[in-house]
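Commentary on secondary and tertiary structure
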Amino acid sequence: MTPTRRLLLLNGPNLNLLGTREPAVYGTATLADVEQSTREAAAQAGFELRALQSNHEGVLIDAIHAAREDCAGIVINPGGLTHTSVSLRDALTGVALPFAEVHISDISAREAFRQHSFLEDVAAVRIAGHGVAGYAEALRALTALL
């Protein structure tokens, strides 16, 4: 059997607003820009990339469940769900795929409620505060582990 050469890129709530939402915090790159640069990094590493953004937790969980069928790993920016979702954590650990947690801003230097991540102790890779370039960085670090 040929190993899976596909990764899933997930972006959580409000990341569809990249480029216009708080540009001082998140920059001016759009979600389409992020998906394109991450797709290019995946191709350079020999992987195909499937991307999905949703403002709905259940949609993200369903995508994680489906990924176990045809993906080698997941790159995820869970947005605000980082700080609130045990269900997202359970889905990621339940499918047993290595994943990279990525954040555009440095969540450890932001408001107290943003400093805790339900994913940080189970993520294979964690990149925060490197802007949108952190997505490609997280992908490269994840593929190095695969």
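So, here is what we can say about the structure in this document. Because the structure is predicted, anything quoted here is derived from the model rather than measured. (Residues numbered from 1 in each chain as written. Predicted model: local features only at pLDDT ≥ 70, side-chain atom pairs only at ≥ 80, totals over all residues. Heavy atoms only, no water.)

**So, the overall build of the protein chain**
Where we set the bar: Going along the chain from the N terminus, every DSSP run of H or I of four or more residues is numbered as a helix, and every run of E of two or more is numbered as a strand. Only the C-alpha atoms count toward the radius of gyration. The rule for a globule is 2.2 Å times the residue count to the power 0.38. Burial classification: accessible surface area is computed with a 1.4 Å probe over protein chains only, and a residue below 20% of its type maximum counts as buried, one above 50% as exposed, and the rest as partly exposed. Per-residue accessibility takes into account occlusion by the displayed protein chains alone, with areas from the Shrake-Rupley method and a 1.4 Å probe. Counting rule for charge: Lys and Arg are taken as positive, Asp and Glu as negative, and neither His nor the chain ends is counted. Where a charge lies is defined by one atom per residue type, namely NZ (Lys), CZ (Arg), CG (Asp) and CD (Glu).
Helices and strands together make up the secondary structure of the protein chain, namely five helices and five strands. Seen in sequence order, the protein chain has helices and strands lined up from the N terminus as β-α-α-β-α-β-α-β-β-α. Scaling as 2.2 N^0.38, a compact globule of 146 residues should have a C-alpha radius of gyration of about 15 Å, and the protein chain matches this with 14 Å. Taken over the C-alpha atoms alone, the protein chain extends approximately 45 × 30 × 25 Å along its principal axes. Residues classed as buried in the protein chain amount to 45% of the 146 residues present. Within the structure as shown, the protein chain displays about 6,800 Å² of accessible surface, and the carbon and sulfur contribution to it stands at 52%. Looking at charge distribution, the protein chain has the averaged site of its 11 positive side-chain charges lying 2 Å from that of its 16 negative ones.

**What about helix α5 (residues 133-145)?**
Defined as follows: Expected span of a helix, by definition, is 1.5 Å for each gap between consecutive residues, and there is one gap fewer than residues.
Here α5 is 13 residues long and its end C-alpha atoms lie 19 Å apart, about the 18 Å a rise of 1.5 Å per residue gives. Residues of α5 that are buried: Gly134, Tyr135, Ala136, Ala138, Leu139, Leu142 and Thr143.

**Things to note about the pattern of salt bridges**
Going by this rule: Note on definitions: salt bridges are taken to be side-chain nitrogens of Lys or Arg within 4 Å of carboxyl oxygens of Asp or Glu.
In this structure the tally under the stated criterion is eight salt bridges. The residue Asp70 makes a salt bridge to Arg50 at a minimum N-O spacing of 2.9 Å. In this pair, Asp70 sits in helix α3 (residues 57-70) while Arg50 sits in strand β2 (residues 48-53), placing the two residues 20 residues apart along the sequence. Taking relative accessible area as the criterion, Arg50 reaches 29% and is therefore assigned partly exposed. For Arg89, the salt bridge goes to Asp121, with nearest N and O atoms at 2.6 Å. With Arg89 in helix α4 (residues 86-95) and Asp121 in the loop between β4 (99-103) and β5 (125-128), this pair connects stretches of sequence that are 32 residues apart. Under the relative-accessibility criterion, Arg89 is labelled partly exposed at 22%. A cluster of three or more residues bridged by salt bridges with shared partners is formed by Arg6, Glu48, Arg50 and Asp70.

**A closer look at the pairing of strand β1 (residues 6-11)**
This is how the line gets drawn: Note: two strands are recorded as paired if DSSP finds a minimum of 2 bridges between them.
Burial of β1 is extensive: five of the six residues sit out of reach of the surface. For β1 and β2, the ladder comprises six bridges, and the chain directions are parallel. Each bridged residue has a counterpart across the sheet, and for Leu8 the counterpart in β2 is Arg50.

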